[in-house]
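# Fold and geometry: a report
For reference, the chains in residue letters:
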Amino acid sequence: MLKQKIKRLLIANRGEIAIRICRACTELGIRTVAIYSKEDISSYHRYKADESYLVGRGKNPIEAYLDIESIIEVAKAHHVDAIHPGYGFLSENADFARRCTEEGIIFVGPKSEHLTTFGDKAAAREAAVNAAIPVIPGSGGPVSSVDEVKAFGRTHGYPIIIKAVLGGGGRGMRIVRSAQGVDEAYARATSEAKQTFGKEDVYVEKYLDHPRHIEVQIMADQSGEIVHLYERDCSVQRRHQKVVEVAPSRGLGEKLRHDICNAAVRLMKSVNYLNAGTVEFLVTPSGEFYFIEVNPRVQVEHTITELITGIDIVSSQILIAEGYGLHEDPVLIPEQKDIRTYGYAIQCRVTTEDPSNQFMPDTGKIVAYRSGGGFGVRLDAGNAYTGSVITPYYDSLLVKLSTNARTFKSAAVKMLRNLKEFRIRGIKTNIPFLINVVQHPEFLEGNVSTTFIDTTPELFV
Ligand code: ADP
């Protein structure tokens, strides 16, 4: 395979993931170029990079990072030869990937056609069906009326879930438990979809009770070689958003685990996938698994897979984009049969959300910041330091705390110790809530479903 050495890489993101990418580049000997909005003028990711440039003049704080032409302009002006989009923002934007390619800039990610397919939940579902992967009974494509939703409910029974076709981040979803609730849920789901994702299209599927969220990390190179790095269990969710992630999953059983990982590889092979991606499934208490979506990018929780496999996912992404094969030096991901995992890893998302005030994001200056550390502990932080100012403009993730140990119990003990070691003053965080989660007997038993948090009132302080 032809190699193209990346010399200068632009990171089209901010916060902890921008810093994570920066670190990978520095280790690979690549010069880093950061971008920032005017609100992020003193953000940490700016200073971590070798160079940084303002983008999205006149745009609002979020739109600055979505301003394709402004970002491309910076990339060209500063002779960048690759762009890593991180997660969120433009990471799943097929137009952005295409624009990069048009300008001769390497997009560190899959091909734009993968982003088109997997960005549309209905198209993704169709890809899964074509690869003979079980999908949740659903409308297939978008529904166009309340009556269509009701007809689905009559045929398949309640509960059902209405989802935005372009949805993400657990938003734009409504659970409906009976025909009476359809009118209101449909109106809300379509208006939320329009408002949040710019398109009101929704589709319907059967709502599964108490499933587990299991997702498989995939790595694929330009020659079509694809491996999985086993699974993560992201069932600990609050309102469909991940809070604590575990790798590997517990209590799934070897056969089911094997079947799920193989299904993920089969799907990605069927679309000739490229670079890192994640295939997400829901698993019922009786052990059936169903495809829900593909995230065609690096994920927030990639850290725990790195901890259990020893494989650097972000560096691998960059090397794959340069043209290296998965098993080639310096990527050196083993062949599938030789990929081993070590113990368990847990990640907690420490956010600036106040659990004593309905998880409202808190803002202001961090007047004191001290974190834990030690053996088997990993910290991936954004603007987390004494003196940092947390603004209201972006997501509330402050630092990802991950632990790794030979047994799940010791990884959990390590997590608890570290959560307790944090001293953060001047701003509220969700740490008191996370402490309750990681020492809850059901969590420690290891078989919680996606409804664990929402049905366990004692977790809320
Ligand atoms: P998003 O793209 O917004 O993250 P997903 O489709 O990945 O949305 O779903 C996020 C979460 O929502 C899942 O992990 C699960 O908890 C819940 N969910 C989604 N679809 C269903 C379903 N059909 N039945 C039960 N829970 C669901």
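Residues numbered from 1 in each chain as written. Predicted model: local features only at pLDDT ≥ 70, side-chain atom pairs only at ≥ 80, totals over all residues. Heavy atoms only, no water.

### Some points on the side chain of Glu215
Note the threshold: Secondary structure counts use DSSP, requiring at least four H or I residues in a row for a helix and at least two E residues in a row for a strand, with both numbered from the N terminus. Each residue's exposure class comes from its accessible area (1.4 Å probe, protein chains only) as a fraction of the maximum for that residue type: buried when under 20%, exposed when over 50%, partly exposed otherwise. The definition of a polar contact used here is a pair of N or O atoms within 3.5 Å, where within protein one atom must be able to donate a hydrogen and the other to accept one, and adjacent residues in sequence count solely through side-chain atom pairs. Contacts: residue pairs with any heavy atoms within 4.5 Å of one another.
Assignment of secondary structure puts Glu215 in strand E9 (residues 212-220). Judged by relative accessible area, which is 0%, Glu215 ranks as buried. For Glu215, the side chain forms a polar contact with the side chain of His213, separated by 3.0 Å. Within the local environment of Glu215, its side chain forms a polar contact with the side chain of Arg232, the two groups lying 2.7 Å apart. Setting aside residues no more than four positions away along its own chain, Glu215 makes contact with Tyr230, Glu231, Arg232, Cys234, Lys242, Thr278, Val279, Glu280, Gln299 and Glu301.

### A closer look at the sheet that holds strand E7 (residues 173-176)
What counts, and what does not: Strand pairing is defined by DSSP finding a minimum of two bridges between the two strands. Only the stretch in contact is used when fitting a helix axis, every axis being a line fitted to C-alpha atoms; angles between N-to-C directions are given from 0 to 180 degrees.
Judged by pairing direction, the sheet is antiparallel, and its 3 strands sit side by side in the order E7-E6-E8 without closing on themselves. Strand pairing shows two members of the sheet lacking a second neighbour, E7 and strand E8 (202-206), which therefore form its edges. Across this sheet, the average inter-strand angle for adjacent strands is 20°, counted without regard to direction. Note that strand E6 (residues 160-164) and E8 share 5 bridges and pair antiparallel. The residue bridging Ala164 from the neighbouring strand is Val202, located in E8. With respect to the sheet, helix H8 (residues 146-156) is in contact with E6 and E8, its orientation differing from that of E8 by roughly 10°.

### Brief notes about empty space enclosed by the protein
In plain terms, the rule: Here a cavity means grid points, on a 1 Å grid over the protein atoms only, where a 1.4 Å probe fits yet cannot get out; a pocket means an open set of points with protein on both sides within 12 Å along at least five of seven lines; lining residues are those with an atom within 4 Å of a point. Grid points are joined across faces, edges and corners, and a volume is the space filled by probe spheres set on the points. Ten residues, namely Ala, Val, Leu, Ile, Met, Phe, Trp, Tyr, Cys and Pro, are considered nonpolar, four, namely Asp, Glu, Lys and Arg, are considered charged, and the remaining ones, Gly among them, are considered polar.
If you walk through the whole model with that rule in mind, you get 3 cavities of 30 Å³ or more. Its boundaries defined by the atoms lining it, the largest cavity holds a volume of some 90 Å³. Lining the largest cavity are Arg212, Asp233, Ser235, Val236, Val246, Ser249, Arg250, Phe408, Phe443, Gly446, Asn447 and Val448. With 3 residues, the single largest contributor to the lining of the largest cavity is strand E10 (residues 226-238). Classifying every residue of the lining of the largest cavity by side-chain character gives 5 nonpolar, 4 polar and 3 charged. One number sums up the size of the second largest cavity: a volume of about 40 Å³. Every residue lining the second largest cavity is listed: Lys121, Arg125, Val135, Ile136, Tyr203, Glu205, Phe291 and Ile292.

### Remarks on the environment of Asn357
Structurally, Asn357 is set in the loop between strand E15 (353-354) and strand E16 (360-361). With a relative accessible area of 40%, Asn357 lands in the partly exposed category. Sequence separation of Asn357 and Gly86 is 271 residues, and the distance between their C-alpha atoms is 30 Å.

### What to know about the site of the ligand
What counts is decided by this rule: Proximity is defined per residue: any heavy atom of the residue falling within 4 Å of a molecule or strand makes that residue near it. The accessible surface values rely on the Shrake-Rupley method and a 1.4 Å probe; as for residues, cover is taken only from the protein chains in view.
Among the 22 residues in the neighbourhood of the ligand, the closest are listed as Lys121, Gly170, His213, Gln237 and Glu293. Coverage of the ligand by the protein chains reaches 96% of its 550 Å² of free accessible surface. Of the residues assigned to the shell around the ligand, the class counts are 7 nonpolar, 8 polar and 7 charged.

### Some remarks on the packing of aromatic side chains
The condition is simple: Centres within 6.5 Å make a pair out of two Phe, Tyr or Trp rings, where for Trp the six-membered ring is used; the pair is then stacked when the planes are under 30 degrees apart, edge-to-face when over 60, and tilted otherwise. A ring is scored as having a charge over it whenever the NZ atom of a lysine or the CZ atom of an arginine sits within 6 Å of its centre and within 35 degrees of its normal.
Throughout the structure, instances matching the rule amount to 13 aromatic pairs. Summarising the aromatic geometry, the rings of Phe118 and Tyr273 are spaced 6.3 Å apart at their centres and angled 55° between planes, so their arrangement reads as tilted. Within this pair, whereas Phe118 is found in helix H6 (residues 112-119), its partner Tyr273 is found in the loop between helix H10 (254-270) and strand E12 (275-283), the two being separated by 155 residues in sequence. The buried category is assigned to Phe118, whose relative accessible area is 3%. Each residue in the set Tyr65, Phe89, Tyr393 and Tyr394 is aromatic and connected to the rest through ring pairs, giving one cluster. Over the aromatic face of Tyr324 sits the side chain of Lys3, whose NZ or CZ is 5.1 Å from the ring centroid. Positioned over the ring face of Phe359 is Arg238, at 3.8 Å from the centre of the ring.

### What about the nonpolar core?
Just so we agree on the cut-off: Take the buried Ala, Val, Leu, Ile, Met, Phe, Trp, Tyr and Cys residues and link them wherever side-chain atoms come within 4.5 Å; each set so joined is a nonpolar core.
In this structure, Leu9, Phe281 and Phe291 are the most contacted members of the largest nonpolar core, which totals 63 residues. Top element by residues in this core is H10. It accounts for 8 residues. With 38 residues, the next largest nonpolar core counts Leu416, Phe433, Phe452 and Ile453 among its residues.

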